[in-house]
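# Chains, contacts and geometry: an overview
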Amino acid sequence: RLRPAVNKDNDDGLTGAYNRRYIHEQLPKDIERCVRNGLPLSIIVGDIDFFKNVNDMFGHLAGDRVLVAFCGVIEGSLRKGLEWFGRFGGEEFIIVLPETTPAVAAVIAERIRGRCMELETDFENRKLRFSASFGVSGFAKASFSDGVNAEVLFRSADSALYAAKRGGRNRVESCDLADSGEIIANAGR
C-alpha cells in the first residue's frame with residue numbers, strides 16, 4: 001500500500017489510490033471549482049500495457065506488485081494536496097490535475113510514462129518491467145454553459161488513451177476539449 005487509508009470507503013485496498021466511488025464524487029467538485037474560478041483542469045487516463053500478460057505469465061501477485069509500482073510512479077509525480085489519482089478499474093487509473101492545462105498535463109503524462117519504462121519491479125527474484133499508455137483531456141478555461149462535466153472529460157481522455165494503444169502503446173495522446181469541438185464557447189483561446 002502506498003498510503004494509510006484515510007477513509008476506507010474511498011480507498012482502493014490494494015494500491016492505496018482512491019477508488020471509483022471517490023472519483024465519481026470528487027471529480028465533479030474539482031471541475032466546478034475550476035470552471036467557477038476560470039482555472040484550467042486536465043485529467044489523464046493511464047493503463048498498463050499488456051497487463052493481462054503479466055498476470056498470465058507470472059501470476060496475480062506479480063500483477064499486484066506492478067499495480068502498486070505504477071501507483072508509486074503516479075503518486076511521486078503529483079503535487080500533494082492539489083492533484084490526486086484513483087483506480088478506475090483493473091489496471092486503469094485516472095489522474096486529476098486541477099489548475100493544469102492539457103499541454104502541461106501531456107508533459108506530466110510523458111514524465112510518468114518515462115518513469116514506468118525505467119522502473120524494475122522485483123518479484124520472486126525476477127525483475128519485472130512494464131510500460132503504460134496515457135490519454136489526456138482537459139480545458140484551459142471553460143464556462144458553465146460549455147457543458148463540461150466528468151463524463152465529457154473522461155470520454156475524451158479515454159478516446160485519447162485508445163488512440164495511444166492503437167498507435168503502438170507506450171505513448172501519450174491528448175485531446176484539448178477547446179480544440180476537439182466538445183467545448184463550443186471561447187474556452188481560453
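Read on for an overview of the structure. Model, not experiment: these values are computed from the prediction. (Residues numbered from 1 in each chain as written. Predicted model: local features only at pLDDT ≥ 70, side-chain atom pairs only at ≥ 80, totals over all residues. Heavy atoms only, no water.)

## Description of the packing of helix α2 (residues 51–58) against helix α3 (residues 60–75)
- Where α2 meets α3, the axes come as close as 6 Å, and the angle between the chain directions of the two elements is 140°. Classified by the interaxial angle, the pair formed by α2 and α3 is oblique. Contacts between α2 and α3 involve Phe 51, Val 54, Asn 55 and Phe 58 from the former and His 60, Ala 62, Gly 63, Val 66 and Leu 67 from the latter.
- Across the contact of α2 with α3, the residue classes tally to six nonpolar, three polar and no charged. (Axes fitted to C-alpha atoms, helices over the stretch in contact; angles between N-to-C directions. Helix = DSSP H or I, 4+ residues; strand = E, 2+ residues; numbered from the N terminus. Parallel < 35°, antiparallel > 145°, perpendicular 65-115°, else oblique. Contact = heavy atoms within 4.5 Å. Nonpolar A, V, L, I, M, F, W, Y, C, P; charged D, E, K, R; others polar.)

## Section: the sheet that holds strand β6 (residues 132–139)
- Ordered in space as β2-β3-β1-β6-β7, the five strands form an open sheet in which the pairing is mixed. What marks the edges here is a single partner per strand, and that holds for β2 (84–89) and β7 (172–176). Averaged over all adjacent pairs, the angle separating strand axes in this sheet is 20°, with direction ignored.
- Pairing of strand β1 (residues 41–48) with strand β3 (residues 92–98) involves seven bridges; the strand directions are antiparallel. Bridging from a neighbouring strand, Gly 46 pairs with Phe 93 of β3.
- Each of β1, β2, β3 and β6 touches helix α1 (residues 20–36); the most contacted strand, β2, lies at about 135° to it.
- Across the sheet, helix α4 (residues 102–118) is in contact with β1, β3, β6 and β7; its angle to β6 comes to roughly 165°. (Pairing = 2+ DSSP bridges.)

So yeah, pure geometry; function would need other evidence.
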